[in-house]
Amino acid sequence: METILNRELSAYHERFSELMNHLQAYQGKRLRPALLLLVARCCGRIVPVHYTLAAVIEMIHTATLIHDDVLDQAEQRRHRPTVHTRWGNRTAILLGDLLFTHAFHLAASVDQQACRLIGSATNRVCGGELLQWFERGHWFLSETAYLQIIDDKTAALTECAAQLGAIYAGASEEMVQAAQLYGRSLGRAFQIIDDLLDLIGHEATTGKTLGTDLAQGKATLPIIHALGQMPPAEADAFCQVLQNGSLGNHAHVLAVLQRYGSLDYARRCAEETLTTARAALQAFSPSPDRDLLDTLALWSLERPC
């Protein structure tokens, strides 16, 4: 997968060497390619097309990170300046667009089905981000609406990665559906934990700018839960605190969330979602690859803050 990724991006390295070298800062866990390839092995075999699809998924994911950093005005990603911080918003948006279009150019070398599945997932990602943007400042967002947003903006791509791994390994429909459930549940739990870390994490550990959710007016699960437990007058007052900006009120916000058990609630929701993911793995025969997928679910819950 890395070989294909480097080959496909080599022409841009020649033309925009400093920018593309900086892009390596976005080379993170390779979670989605690893998910695709592990599912393929659980379903029996990896074929050459899997590596191409893994590279496509990683390009799309990287593009979304670049655009997310612009939306959130995040200054740091993996302990390095974000693209827009270094080169400006226009460059970051164009670079993300380039990765999106090249990903679909590469997907077209596989077949129509791959383009359709990846296109559908990418549409969901963009739709989820757009809905979250329109809902900014809406602190009384329902938990159902929040879960729909994260299922689209995050889980859609992990679900697609698992689905592609299974389909192109020639898996049965039952195994494809199990792979999708695992990928969707993993992505949902991963985002819940990510939102939790944005509140309680430390930038020195996570390597990225934190506190952006509150600053951007995003109602995440701990906020939604706490507001749902409060009397109306207290909830209105808490919304005013959130609306006035979180940087100076962060300690107060955390104290309120702890008092209502909202941080623990979000973590329990992630744990329950990962229980669903791990149960889905029972559709696959026992193997070291299935064990790795199980470990991956546990790791996503225990990421350091």
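Computed from a predicted structure; not experimentally measured.

Draft legend 1. Inspection of the overall build of the protein at higher detail. Within the protein, the regular secondary structure consists of 16 helices and 2 strands. Taking 19 Å as the expected radius of gyration for a compact globule of 305 residues, we find that the protein reaches 20 Å, a close match to that expectation. Taking the principal axes of the C-alpha coordinates as reference, the protein spans close to 60 × 45 × 30 Å. Evaluated residue by residue, the protein yields a buried proportion of 55% over its 305 residues. Here the contacts in the protein between residues at least 6 apart in sequence split such that 77% fall between residues at least 24 apart. Counting only carbon and sulfur atoms, one obtains 52% of the accessible surface of the protein, whose full area is about 13,500 Å². Between the mean site of the 26 positive side-chain charges and the mean site of the 33 negative ones, the protein shows a separation of 4 Å.

Draft legend 2. Region of interest: the environment of Ala107. Relative to the helices and strands, Ala107 is located in helix H6 (residues 89-107). Placed 58 residues apart in sequence, Ala107 and Val49 show a C-alpha to C-alpha distance of 9.7 Å. Not counting residues within four places of it along the chain, the set of residues in contact with Ala107 comprises Val56, Ala114, Cys115 and Ile118.

Draft legend 3. The pattern of salt bridges, seen in detail. Counting across every chain of the model gives 15 salt bridges. Put simply, Glu2 and Arg30 hold a salt bridge, and the shortest N to O gap is 2.8 Å. Of the two residues, Glu2 is situated in helix H1 (residues 2-15) and Arg30 in the loop between helix H2 (17-22) and helix H3 (31-42); the sequence distance between them amounts to 28 residues. Glu2 gets classed as partly exposed once you look at its relative accessible area, which sits at 31%. In this structure, Arg30 engages Glu58 in a salt bridge whose closest nitrogen and oxygen atoms are separated by 2.9 Å. A residue pair is termed long-range when its members are at least 10 positions apart, and Arg30 in the loop between H2 and H3 and Glu58 in helix H4 (residues 48-72) qualify at 28 residues.

Draft legend 4. Molecular detail of the side chain of Arg290. Secondary-structure assignment places Arg290 in helix H16 (residues 288-301). Of the side chains bearing the opposite charge, Asp291 lies closest to the buried Arg290, which forms no salt bridge; the N-O distance is 4.8 Å.

Calculation criteria
- Residues numbered from 1 in each chain as written.
- Predicted model: local features only at pLDDT ≥ 70, side-chain atom pairs only at ≥ 80, totals over all residues.
- Heavy atoms only, no water.
- Helix = DSSP H or I, 4+ residues; strand = E, 2+ residues; numbered from the N terminus.
- Rg over C-alpha atoms; globule rule 2.2 N^0.38 Å.
- Buried < 20%, exposed > 50% of the residue type's maximum accessible area, 1.4 Å probe, protein only.
- Contact = heavy atoms within 4.5 Å.
- Areas by Shrake-Rupley, 256 points an atom, 1.4 Å probe, with all protein chains shown as cover.
- Lys, Arg positive; Asp, Glu negative; His and termini not counted.
- Charge placed at Lys NZ, Arg CZ, Asp CG, Glu CD.
- Salt bridge = Lys/Arg side-chain N within 4 Å of Asp/Glu carboxyl O.

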